[in-house]
4 protein chains.
Amino acid sequence: MIVVMQGSATGEEIAAVEEQLEKSGFVPHRIQGAFRTVIGAVGDPQAAKVTGLERLPGVEKIVPITAPYKLVSRQFKAENSMIKAGPVSIGGEALAVMAGPCAVENWSSLITVARLVKKSGARVLRGGAFKPRTSPYSFQGLEHEGLKLLSRAGKETGLAVVTEVVDVRDVDLVARYADIIQIGARNMQNFTLLREVGRCGKPVLLKRGLAATVEEWLMAAEYILAEKNYQVILCERGIRTFECSTRNTLDISAVALVKQLSHLPVIVDPSHSGGNWRLVLPLSLAAIAAGANGLIVEVHLNPAEAFCDGKQSLTPDNFSHLMGRVAQLAPALGRTLAAPEQDTGGA
Amino acid sequence: MIVVMQGSATGEEIAAVEEQLEKSGFVPHRIQGAFRTVIGAVGDPQAAKVTGLERLPGVEKIVPITAPYKLVSRQFKAENSMIKAGPVSIGGEALAVMAGPCAVENWSSLITVARLVKKSGARVLRGGAFKPRTSPYSFQGLEHEGLKLLSRAGKETGLAVVTEVVDVRDVDLVARYADIIQIGARNMQNFTLLREVGRCGKPVLLKRGLAATVEEWLMAAEYILAEKNYQVILCERGIRTFECSTRNTLDISAVALVKQLSHLPVIVDPSHSGGNWRLVLPLSLAAIAAGANGLIVEVHLNPAEAFCDGKQSLTPDNFSHLMGRVAQLAPALGRTLAAPEQDTGGA
Amino acid sequence: MIVVMQGSATGEEIAAVEEQLEKSGFVPHRIQGAFRTVIGAVGDPQAAKVTGLERLPGVEKIVPITAPYKLVSRQFKAENSMIKAGPVSIGGEALAVMAGPCAVENWSSLITVARLVKKSGARVLRGGAFKPRTSPYSFQGLEHEGLKLLSRAGKETGLAVVTEVVDVRDVDLVARYADIIQIGARNMQNFTLLREVGRCGKPVLLKRGLAATVEEWLMAAEYILAEKNYQVILCERGIRTFECSTRNTLDISAVALVKQLSHLPVIVDPSHSGGNWRLVLPLSLAAIAAGANGLIVEVHLNPAEAFCDGKQSLTPDNFSHLMGRVAQLAPALGRTLAAPEQDTGGA
Amino acid sequence: MIVVMQGSATGEEIAAVEEQLEKSGFVPHRIQGAFRTVIGAVGDPQAAKVTGLERLPGVEKIVPITAPYKLVSRQFKAENSMIKAGPVSIGGEALAVMAGPCAVENWSSLITVARLVKKSGARVLRGGAFKPRTSPYSFQGLEHEGLKLLSRAGKETGLAVVTEVVDVRDVDLVARYADIIQIGARNMQNFTLLREVGRCGKPVLLKRGLAATVEEWLMAAEYILAEKNYQVILCERGIRTFECSTRNTLDISAVALVKQLSHLPVIVDPSHSGGNWRLVLPLSLAAIAAGANGLIVEVHLNPAEAFCDGKQSLTPDNFSHLMGRVAQLAPALGRTLAAPEQDTGGA
């Protein structure tokens, strides 16, 4: 931590800051500059509470030096983490593709989509049972019934299952049915929910918040790891910016950056990022090229009749085409994609 | 709702959209433009599920016409809502000022601050018992113990008490101790929490999310009103933008706009907006001038030693000065401020 | 400047950075931290070219300490600058209000509006002769003819005149007719234009760019002062954010912050900020309360027929009402507003 | 255009809007909805001036239907445009890579870099002679001398040359030396400059502004095409968002979207987007995968001593590695990359 003093700071003010730093367990190092004094504070920032330093007379600002996350960082663990979820491993050379409808609507359409996306090479079935909706009047999901359908579809096809939890009281329930528990963008800083999924023992898919910085996103993951659950998959799904011609702005640089800062796998959601099915293909290819470990894609039998997100959903045919293009691309990047499944029918 | 067709849309495609609209309970009105066809869809958008329309062949985009909120709107209720919280009424001519520390730290500092802010004219005591913190390693609040201290300080001073709830399982607990329950910015779209506070019967202070549009903010309030709790106070606390010289960007226009769109009271948090105690005074005056119904301000006995947010906290002296300036300003805007209390020592 | 080394940096890498700093005229001060080394670099950053330091092996990041602007800062000049423009002084206790149509359209409407806004207390007439328009097919202004009309209206009413220049080749021409030359938001970093107006000897109204940080805005002003033109008025007119319910987001905190950082006067444009005439009144009052030195407001005889910006323009009646409210507010803030003019008819 | 009336609009107000539309050359179509009336206005929006409609009594908002750009749209020209610049064609299957230093510093380093990037497969040499700098005290470029060096380096190597113009008075000068004239991000809405390069007959590289929407970017291109210069290459270089861990946020979706909306080629600047040389490789691969027609990359012999942008510059070795990876990727996407040049040495 560096304390930058005002140009007008007096010797006494500087001494008072140094004293406060020492009281907080830091060793201060004073540097007398041409225009002002700065004080380097050596010590462990985690161990010390010094939030009010900026209020001491003569202090201009505090510059933190060390990143606030630990367990998620590459300094802590240099090699890539591999997350096992049912039959799938995420984080290695092999790309992991998750696909399925925005919301679970009924058994017949769910199992049909599940079989089709598996055929095209997906390894994880996605589908919402609890839906966080902007309007209280919108369809909110089939809830427990939706979980049962998902789990059954996973068993019948051999796909792992990922679904969102939105209420701390449902974590155990969701964990019984899902192979991967999703924390949605709106709940990325719902810290009680993060702690609860940190204790549930299941892999967690942590979506980035709409306005979360990369550092805040990693800190949210740190909450889960701090509960000793190291099975976290990060998911970039677009951030909110001034640009409204797409639903969100896919922050492709964040994918590359997080791969450098953290050992955790990162996947991309091209459906929510662009908000438009016509953008799903190019954004998926870009995500893989930038280093993502996989994709999570909305696929619906008949997007024009979807309960939600129809605009951004692929048809099974669109998805099959996408997977063909991904399969073509993967080797040129040193990645592999699971061969489309033979019709073995799952479990 | 208006459906805009592509310039190249065929007659069949247009007919198919009209048919789908009719199936969904709308009456379509076709307008043949110079370059393209648009279809006006007359009907109640709440009653119909037509999310996938954009995926029909030939459709370019959908333009919604009616705002998605109802109960919170001025169309629904023209006159200003007055929210009663303990001894305070919020929403009328009188300004409501809430003040107190970021976090409850101990009895002695809490009761001292409470007495001082009351003396300066505050009517509500703020203080965090459950703190949502970016880092799992930061101080997370005194929890139940903090609630007790707050409630006791409220009783001893005659101030109403506002404090945040972050976990659905704590709503009843918090409701027992608080006069106003706060939903923080990070939980603005924690819909299960919104529903729960909607059912608890206590007034709710709903902070705007860092990246929430005005419409999403009003929709979050709608969740609470939809549970028949009409006692919602909106709180603008700054949004996240590219500008980093302030902690957040106080969206002063949103204050003015929401007063036009909704009957609910709106207050402003100048502490989190600017993130700097030197900005609290000008932002408070601006908020009142723009039409806010009150303020919520962080005040700490010794900001340099605060457990959190010391940089943006006022000392009791700063706060007293602020209240003097607000009192000067209020009459010029047709507002009133409760006269600073005589030292009656509370209830 | 502080150079933060990576945790893994070797002694040789640290020495190499120190050597490079010395070559560039800095004195390095090494601080050995718990996890990493940081190097304080003492010297004048203006005098040295060290942009590539981040590329040296072992370097993690560079943290600048000193603000990059000089002439515009309060360190350089502590007392408020007063800018004289024709009969008006801007920057003191008296509020300066500029008003007039978005674009100069014809003599008759211009002189009528000019007389009306003067009557209501405006001291400067605004009006666009050269209009920067998003579309090449939109009305681009009356150009030279517009300048003549403006200047004549200024002379007939005794109002100072402010108008925008968009082309370096027109600076002399505009300077002949205008009392204040406006640099629009889109040209805030058109550095050749900034230098040219810096040389023209006339006061400059410098609008903040849509995505300009406060620091970049002040640096743009620095360009003008560096040419020895110290007569700069800053104008906050809203920044671009995710929020689309208003045209831009008025950054009211920036007004307060810039008053602390700089000695230059700051005014606010409530018309472009909100993009809606219904917001002009509350935003104007908020601006004054936050410490702005004045306003620039769009006024049109018949907004529904304006060539541009009709949606955000006030009628003369609206403006008269606004000025009444500002006059009520000013004394409560220790400001004054010129008394509405008697009908003396100008120069 | 759709005019949405307020729920409370009277029959007379609706009739007045229809009358005004007719006066402006539109045919109004009234649709009586459940809650409000909307009026479809059929006609050519380019031909009509109706900006003030929002100010008519009873009007809630105006919804434009037709995109405001024409010449740049795929509706106007369905097939991809190919831009010829010296020996290079941009816009087809072959990827075009532009590389070179941020600023031209001296002959020896320029020609060395030029030869090295050509060897690695670049076809265009980039280099700044006129540098738009945030600070008036920073290095502003070698100006005319820089142009001469660039042009000579282009001739000696057979590379086309791209360089930025920042002043309308220099357009002719720059056009004499450059094969492609660059409009920088800060000048994207410098409309006089756009018109001037529209008249100069040379291909133009139009960088997207930091806060420009896709529509505004295309409208800026429209300014150039409207002057009958159809040789425009669009360049995405990152937008400004709340995320500060990268210099800008590469809007990869905009690349995909613009390829759908416009026939113009689009390239990506991974250097400015990420602001960090470690991100240049993944962002370049992502750009190509998303459909970009090429790249513009900063390369410097010794980034640690670059006059500017050293942090984001590649060394020639980094660049050679990048080009190897791009060459591997291209065929998997149906693209080609010019084979690395044999050492023919140019002119």
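Treat the numbers as computed from the prediction; the structure is a model and nothing was measured.

> Which residues make up the relation of the copies chain D and chain C, and what values do they have?
When chain D is brought onto chain C, the operation consists of a screw motion whose angular component is 180° and whose axial shift is 0.0 Å, with 0.0 Å RMSD remaining. These values place the two chain copies in the arrangement generated by a two-fold rotation axis. Distance from the rotation axis, computed per C-alpha, reaches its smallest value in chain D at Ala211(D): 2.8 Å.

> Now, about the side chain of Gln182(B): what can you tell me, with residues and values included?
Residue and element names in this part refer to chain B. You can see Gln 182 is positioned in strand 10 (residues 180-183). With relative accessibility at 6%, the residue Gln 182 sits in the buried group. Beyond its immediate chain neighbours, meaning those up to four positions away, Gln 182 contacts Val 162, Thr 163, Glu 164, Val 165, Leu 205, Lys 207 and Ile 296.

> Please provide a residue-by-residue account of the interface of chain A and chain C, values included.
Counting residues at the interface gives 24 residues for chain A, matched by 24 residues for chain C. Buried area between chain A and chain C, summed over both chains or domains, comes out near 1,800 Å², and the portion from carbon and sulfur atoms is 77%. Looking only at chain A, the three residues that lose the most surface to chain C are Ile31(A), Ile65(A) and Phe242(A), adding up to 29% of its buried area. There are zero salt bridges connecting chain A and chain C. For the pair chain A and chain C, the interface holds zero residue pairs in polar contact (both at pLDDT 80 or more). Those elements giving two or more residues to the side of chain A that touches chain C turn out to be strand 1 (2-5), strand 2 (27-32), strand 3 (37-42) and strand 4 (59-63) of chain A. Taken together, the residues of the side of chain A that touches chain C sort by class into 13 nonpolar, seven polar and four charged.

> How would you sum up the sheet that holds strand 2 of chain A? Please name residues and give values.
All names here are of chain A. The strand order across the open sheet built from four strands is 2-3-1-4, with neighbouring strands paired in antiparallel fashion. Both edges of this open sheet fall to strand 2 and strand 4, since each of them pairs with a single strand only. Going across the sheet, the axis of each strand differs from the next one's by a mean of 20°, ignoring polarity. Sheet topology note: the strand 1/strand 3 ladder contains three bridges and is antiparallel.

> Before we move on, can you summarise the pairing of strand 2 (residues 27-32) of chain B with the specific residues and values?
Residues and elements named next belong to chain B. With six bridges connecting them, strand 2 and strand 3 (residues 37-42) associate as antiparallel partners. For Ile 31, the partnering residue across the bridge sits in strand 3 and is Val 38. Linkage of strand 2 to strand 3, two consecutive antiparallel strands, is achieved through a turn of four residues.

> Any chance you could break down the environment of Ala103(D) for me, citing the residues and the numbers?
All names here are of chain D. Among the structural elements, Ala 103 can be located in the loop between strand 7 (94-100) and helix 2 (107-120). The exposure class of Ala 103 is buried, given its relative accessible area of 1%. Between the alpha carbons of Ala 103 and Thr 134 there is a distance of 15 Å; along the sequence they are 31 residues apart. If sequence neighbours within four positions are ignored, Ala 103 has contacts with Gly 128, Lys 131, Phe 139 and Cys 308.

> I'd love a proper account of the confidence of the model for chain A, names of residues and values included.
Residues at a pLDDT of 70 or more form 95% of chain A, whose mean pLDDT is 92. Taken together, the chains of this predicted complex give a pTM of 0.93 and an interface ipTM of 0.92.

> Describe the interface of chain D and chain C, with residues and values.
The interface of chain D with chain C comprises 58 residues on the first partner and 58 residues on the second. Buried area between chain D and chain C, both sides added, is near 4,500 Å², and the carbon and sulfur share of it is 51%. Between Glu196(C) and Arg169(D) there is a salt bridge, with its nearest N and O atoms 2.9 Å apart. Mapped onto the side of chain D that touches chain C, the elements with two or more residues apiece are helix 1 (11-23), helix 5 (191-199), helix 6 (214-226) and helix 9 (277-290) of chain D.

Scoring rules and cut-offs
- Residues numbered from 1 in each chain as written.
- Chains lettered and ligands numbered in written order.
- Predicted model: local features only at pLDDT ≥ 70, side-chain atom pairs only at ≥ 80, totals over all residues.
- Heavy atoms only, no water.
- Least-squares fit on C-alpha atoms with pLDDT ≥ 70 in both.
- Helix = DSSP H or I, 4+ residues; strand = E, 2+ residues; numbered from the N terminus.
- Buried < 20%, exposed > 50% of the residue type's maximum accessible area, 1.4 Å probe, protein only.
- Contact = heavy atoms within 4.5 Å.
- Buried area = accessible area lost by both parts, 1.4 Å probe.
- Salt bridge = Lys/Arg side-chain N within 4 Å of Asp/Glu carboxyl O.
- Polar contact = N/O pair within 3.5 Å; in protein donor to acceptor, adjacent residues only side chain to side chain.
- Nonpolar A, V, L, I, M, F, W, Y, C, P; charged D, E, K, R; others polar.
- Pairing = 2+ DSSP bridges.
- Axes fitted to C-alpha atoms, helices over the stretch in contact; angles between N-to-C directions.
- pLDDT = per-residue confidence, 0-100.

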